[in-house]
Amino acid sequence: MSDHFEPVIIGFTCNWCSYRAADLAGTARMKYPPNVRLIRLMCSGRLDPTFVIKALAGGADAVLITGCHPGECHYIEQNYKALRRHLLLRKTLAGLGIEPQRVKLVWASAAEGAKLTHEITQFVDEIRGLGPLHWPQSDANGHSQPAETEVTA
Amino acid sequence: MSSQPIPLHLPGEEPAEKIGVYVCHCGTNIAATVDVAEVRDWAGQRLEDSGVVVSRDYKFMCSSLGQELIEKDIKDLGLTRVVVAACSPHLHEGTFRGACKRAGLNPYLCELVSIREQVSWVHTDRHAATDKAKAVVSGGVERVVRNTPLEPLRVPIHPATLVVGGGIAGIQAALEIANAGFPVYLVEREPSIGGHMAQFDKTFPTLDCAACILTPRMVEAGGHPNITLLTWSEVVDVKGYVGNFVATIKKKARYVNTELCTGCGICQEKCPKKIVDEVYEAGLGYRKAVYTPFPQAVPKYPVIDVPNCTFFQKGTCRACEKLCPTNAIDFTQKDELLTVEVGNIILATGYDLFDARRIPQYGYGRLANVFTSLEFERLTNAAGPTNGDIVLRDGKTKPQSVAVIHCVGSRDRNYNNYCSAICCMQSVKFAHLVKERTGAQVYNFYIDMRTTAKAYDEFYQRVLEEGTLFVRGRVAEVTDAARLPGEAGKLIIQVEDTLAGKQRRIPVDMVILSAALEPRRDAKQTAHLFGLSCSADGWMIEKHVKLDPVATMTEGIFAAGCVTGPKDIPNTVAQGAAAAARVLGMIQRREIELEPIKASVNQEQCSGCRICNNLCPFNAILFHEDRMVSEINPALCQGCGTCVAACPAGAISGTGFSNEQILSQIDGLLMLNVARQSAAVAA
């Protein structure tokens, strides 16, 4: 792995909380690394797991999913569905031989620009550490390898 | 999953859409960090195959000239899609959609992508920021190709309004709307409207008596034919959306039949149970178990406080029942649930006072003669527990010297970072009242004097001339441990006088803490109930702090007064009126256009698995047993898209956020469009 690896991360945000947290981070001129490119959804419940798989298949090294805190969903409880899907996704990814920590779920309210900034910064660091995403068949040795981390969630 | 994005045309073939890309400088807000010209050129050249036919930049895209630029291109070049790379869609999506609409393009064929909040303001590396801006534009272009023309939904606005909170903000808002001829439900959880203002004696800077200016308003609100006053009541549930809310209000049992009660007050007089009044009298006075908080209460009907009523606790007494001349006492009353339909809601739930016990070094609750600001308000109030005499906790001794400490719990990183806005003026008012009524020497301990509104500084100058001493410095400690002669039996203020540059110990008889205004203790629950957000401090977040201070992120719900942050009375009243004006504007429109973001089921594709049925929290999905397919009721659908994501057959699609749009945006953000183009060129 090159020392200068800069991951590309796709981030899914909720229109009501985390997208506004990103707006707030901007308005407050907080700084985070430019690796995350955000997509706005109306709710984290809109996140079809396929979006994540497609993003990873299309060249993203990781995917960040953000939503309202449990109990604060604009649509009552749909973020819990995002939570379930996230857990399933991690299992599925592990089964595909991809480190499950490439998909991260973060709760961030509209007031938590600082939290979102912190989480993005940390996540980019984690993915820099993991290195680029190689689908198992494109492994350096040409072998397909299972992920090392077990999902216990 | 239904379909994955397919290129709309083969390389070399004419694209199906004509897209215009507009990159904004936002003065230097974007241009300082993002090379706008490079993004413009890149989009024009590299996204040509996706359909970009024109790419421009402009200093301020949102200005009328910027908008005209877009409108002209739509007309002259026949653009079928528009992408604007500028600020957050929450700020200017409406602006650019409006420009498209004026030029004859369906407004939903315009995408605003954020390269300010999400790029230039949060990144520092110009090269990396420019690259990210390109990716963001590319995502927007790929997405906009998949946008479909939509028509906004029109829904009627119910003419009634729910005002939550009966302080001066809520009263003002309710009166404005009621006077304009529309019905208002004014809900207050205490037995009377009036709020904090009803507890005050004098109001700064004019020193008019709070009751003299407030009670006429209370009476007007109480008797207004268009206002349904619901005191001793709380909103317990809110459903629906702008124009069509359904609120459930719990009317707590008063145990007094308001049809019969004349408000004569005999029950209060005869009730043998005396309780310290922690709410209205701030713990300084007493009330009975059956009570109205104060004589001018609106409505005049008392309530029975169940936990303190001898009858409810022991089954005996019934003095009020026996002695009521109109037989209005009714111990059998039950809480009632009331359902009301309203078009708009104004939240005016006010503030709570900072608990000064949290700063132990100031001795509140431990040193008898340390008072909070609200306690002092009650002390000076002619209708208060001492009939307006400023005396020590013993109830008789007049203080010879008084200290007023500013910023207690405000501007303090241990408690609240914010300034409570009213304390400087309130403390100056206290100094004046103490001086006027007792002749005592008054010291005010301040960090900075903030006297920013009309006639405020003049009042401060006047109090300075009256001889009040102002010491600049945050008080370290209030103690009764005497060390020096003259300190025995006194409260000693230990403070660094930062103007004189020395430590001082000042002995006084009485200390008043100008405590911070804090969000209501249940602000989070309130926010949740109404679908709003609280800031990190706990105040409700307004839609725009400068340009839309009385609207919230949820359409149809407005906020007025201290619910969004500390405010003095003039600002609170102005906000109450402003919120009312916004509501009246909505009512006058009779109907409102809503974002057409809804899910719908393609019944041909639906397999009737019913997975979606249980996912919808709004019960918008119904299942047709006969045909074995699900259908979504658009009136109930809120557009979250959870069912779209869950449908295993891909039979549900969501307008505005379709699978095709999102998958295409992912492709664009990952620059797969550009990669495909390069591959085609190489081939």
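This part takes up the overall build of chain B. The helix and strand inventory of chain B stands at 18 helices and 36 strands. Based on the C-alpha atoms only, the size of chain B along its principal axes is roughly 100 × 70 × 40 Å. Within chain B, buried positions represent 55% of all 683 residues. Partitioning the intrachain contacts of chain B with sequence separation of at least 6 by distance along the chain shows that 69% fall at a separation of at least 24. On chain B, roughly 28700 Å² of surface is accessible, and the fraction owed to carbon and sulfur atoms is 51%. One finds the centroid of the 71 positive side-chain charges in chain B at a distance of 5 Å from the centroid of its 74 negative side-chain charges.

In this section: the overall build of chain A. Along the backbone of chain A there are 4 helices and 4 strands. Summarising the internal contacts of chain A: among those between residues at least 6 apart in sequence, 81% fall at separations of at least 24. Accessible surface, chain A as shown: approximately 6200 Å² in total, 54% of it carbon and sulfur.

Moving on to the state of the cysteines. Working definition of a disulfide: a covalent bond connecting the sulfur atoms of two cysteines. All names here are of chain B. Overall, the coordinates contain 1 disulfide over all chains when judged by the stated rule. In this model Cys209 forms its disulfide with Cys212; the gap between the sulfur atoms is 2.3 Å. Linking Cys209 and Cys212, the disulfide has an S-S dihedral of approximately 95 degrees and is accordingly described as right-handed. Here Cys110 stays free of any disulfide, with the sulfur of Cys100 as its closest cysteine sulfur at 4.0 Å.

Turning our attention to the packing of helix 1 (residues 36-46) of chain B against helix 18 (residues 672-682) of chain B. Residue and element names in this part refer to chain B. Where helix 1 meets helix 18, the axes come as close as 11 Å, and the angle between the chain directions of the two elements is 50 degrees. One element, helix 1, and the other, helix 18, form an angle in the oblique class. Residues Trp42, Gln45 and Arg46 of helix 1 form the contact with helix 18, whose participating residues are Val674, Gln677 and Ser678.

Now for the environment of Ile447 of chain B. All names here are of chain B. Counting through the fold element by element, Ile447 comes out in the loop between strand 22 (441-446) and helix 13 (456-465). Residues Ile447 and Val122, 325 residues apart in the sequence, show an inter-C-alpha distance of 33 Å. With residues up to four places along the chain from it excluded, the contact list for Ile447 reads Cys407, Arg411, Arg472 and Arg474.

Residues and elements named next belong to chain B. Taken together, the 3 strands give an open sheet; going across it, the order is 11-12-17, and neighbouring strands pair in antiparallel fashion. Of all the strands in the sheet, the pair left with one neighbour each is strand 11 (233-241) and strand 17 (336-342). With strand direction ignored, the average angle separating the axes of adjacent strands in the sheet is 20 degrees. One ladder, built from 8 bridges, connects strand 11 with strand 12 (residues 244-251); its direction is antiparallel. Bridging across to strand 12, Lys239 finds its partner in Val246.

All names here are of chain B. Here His432 is to be found in helix 12 (residues 423-438). For His432, a relative accessible area of 4% translates into the label buried. For His432, the residues in contact, after removing those within four places along its chain, are Leu207, Phe459, Arg462, Val463 and Glu466.

Moving on, we come to the interface of chain A and chain B. Listed per partner, the contact involves 48 residues of chain A and 52 residues of chain B. The junction of chain A with chain B conceals about 4200 Å² of combined surface from both sides, 61% of it contributed by carbon and sulfur atoms. It is Arg37, Arg40 and Arg46 of chain A in chain A that bury the most area against chain B; as a group they hold 16% of the surface buried on that side. Viewed at the interface, chain B and chain A are joined by 2 salt bridges. Between Arg40 of chain A and Glu93 of chain B there is a salt bridge whose closest N-O contact spans 3.2 Å. There are 18 residue pairs in polar contact (both at pLDDT 80 or more) connecting chain A and chain B. If you list the elements that add at least two residues to the side of chain A that touches chain B, you get strand 1 (9-14), helix 1 (18-27), strand 2 (36-41), helix 2 (49-57) and helix 3 (78-95) of chain A. Looking at the side of chain A that touches chain B, the element that brings in the most residues is helix 1 of chain A, giving 7 residues. A class-by-class count of the residues in the side of chain A that touches chain B yields 25 nonpolar, 10 polar and 13 charged.

Let's shift gears to the side chain of Ser233 of chain B. All names here are of chain B. Following the sequence through the fold, Ser233 ends up in strand 11. Reaching out from Ser233, the side chain makes a polar contact with the backbone oxygen of Thr231 at a distance of 2.8 Å. Sequence-distant contacts of Ser233, that is, excluding residues within four places in its chain, are made with Val187, Glu188, Arg189, Ile249, Lys250, Lys251 and Lys252.

Moving on to the domain arrangement of chain B. According to the domain assignment, chain B contains domain 1 (1-151 + 657-683), domain 2 (161-190 + 219-345 + 553-589), domain 3 (352-518) and domain 4 (598-654). Computed from C-alpha atoms alone, the centre-to-centre distance between domain 1 of chain B and domain 3 of chain B is 58 Å.

A ring pair, where both rings are aromatic, is described by two values, the distance of the centres and the angle of the planes. Residue and element names in this part refer to chain B. One pass over the structure, following the stated rule, counts 14 aromatic pairs over all chains. Look at Phe312 and Phe331: their rings are 5.6 Å apart centre to centre, the planes differ by 80 degrees, and that puts the pair in the edge-to-face class. In this pair, Phe312 sits in helix 9 (residues 310-314) while Phe331 sits in the loop between helix 10 (319-323) and strand 17, placing the two residues 19 residues apart along the sequence. Assessed through its relative accessible area of 10%, Phe331 is described here as buried. Between Tyr443 and Phe445, the aromatic rings sit 6.3 Å apart at their centres with planes inclined by 20 degrees, giving stacked as the arrangement. Chaining the aromatic ring pairs together yields one cluster made of Tyr255, Phe311, Phe312 and Phe331. Note that Lys252 overlies the ring of Trp232, its terminal NZ or CZ placed 4.3 Å from the centroid. Above the plane of the ring of Phe371 lies Arg393, whose end atom (NZ or CZ) is 4.2 Å from the centre.

With that settled, consider the pairing of strand 3 (residues 62-67) of chain A. Residues and elements named next belong to chain A. When you tally the buried positions in strand 3, you get 6 out of 6 residues, the bulk of the element. Residues Ala62, Leu64 and Thr66 of strand 3 are buried on one face, and the alternating residues Val63, Ile65 and Gly67, pointing to the opposite face, are buried as well. Relative to strand 3, strand 1 is paired through 4 bridges, and the arrangement is parallel. Bridging from a neighbouring strand, Ile10 pairs with Val63 of strand 3. As for the winding sense of the linkage, the β-α-β connection from strand 3 through helix 3 to strand 4 (residues 103-107) is right-handed.

All names here are of chain B. Tallied over the entire structure, the rule returns 47 salt bridges over all chains. Between Arg40 and Asp57 there is a salt bridge whose closest N-O contact spans 2.9 Å. Here Asp57 lies in strand 2 (residues 52-58) and Arg40 lies in helix 1, a separation of 17 residues in the sequence. Among the residues examined, Asp57 registers a relative accessible area of 22% and is labelled partly exposed. Across the pair Arg676 and Asp667 runs a salt bridge whose closest N-O atoms are separated by 3.6 Å.

This next bit is on the packing of helix 11 (residues 373-380) of chain B against helix 12 of chain B. Between two packed helices, the angle of one axis relative to the other and the distance separating the axes together describe the packing. Residue and element names in this part refer to chain B. In contact at an axis separation of 12 Å, helix 11 and helix 12 are set at 35 degrees when each is read in the N-to-C sense. Judged by the sense of rotation from one axis to the other, the crossing of helix 11 with helix 12 is left-handed. For the pair formed by helix 11 and helix 12, the contact residues are Ser373, Phe376, Glu377 and Thr380 on the first element and Gln426, Lys429, Phe430, Leu433, Val434 and Arg437 on the second. In terms of residue class, the contact of helix 11 with helix 12 is built from 4 nonpolar, 3 polar and 3 charged.

A contiguous nonpolar patch, built from Tyr80, Leu83 and Leu87 of chain A and spanning about 220 Å² of accessible area, is present on the exposed surface. A residue is classified by how much of its surface remains accessible, and Leu87 of chain A, at 34% relative accessible area, is partly exposed.

Rules behind the numbers
Residues numbered from 1 in each chain as written. Chains lettered and ligands numbered in written order. Predicted model: local features only at pLDDT ≥ 70, side-chain atom pairs only at ≥ 80, totals over all residues. Heavy atoms only, no water. Helix = DSSP H or I, 4+ residues; strand = E, 2+ residues; numbered from the N terminus. Buried < 20%, exposed > 50% of the residue type's maximum accessible area, 1.4 Å probe, protein only. Contact = heavy atoms within 4.5 Å. Areas by Shrake-Rupley, 256 points an atom, 1.4 Å probe, with all protein chains shown as cover. Lys, Arg positive; Asp, Glu negative; His and termini not counted. Charge placed at Lys NZ, Arg CZ, Asp CG, Glu CD. Disulfide = S-S within 2.5 Å. Axes fitted to C-alpha atoms, helices over the stretch in contact; angles between N-to-C directions. Parallel < 35°, antiparallel > 145°, perpendicular 65-115°, else oblique. Pairing = 2+ DSSP bridges. Buried area = accessible area lost by both parts, 1.4 Å probe. Salt bridge = Lys/Arg side-chain N within 4 Å of Asp/Glu carboxyl O. Polar contact = N/O pair within 3.5 Å; in protein donor to acceptor, adjacent residues only side chain to side chain. Nonpolar A, V, L, I, M, F, W, Y, C, P; charged D, E, K, R; others polar. Domains from an automatic or database assignment. Phe/Tyr/Trp six-rings, centres within 6.5 Å; stacked < 30°, edge-to-face > 60°. Lys NZ or Arg CZ within 6 Å of the ring centre and 35° of its normal. Right-handed = clockwise from strand over helix to strand, strands pointing away. Left-handed = near helix turned anticlockwise from the far one by under 90°. Patch = residues over 30% accessible without salt bridge, like charges linked within 9 Å, V, L, I, M, F, W, Y side chains within 5 Å.

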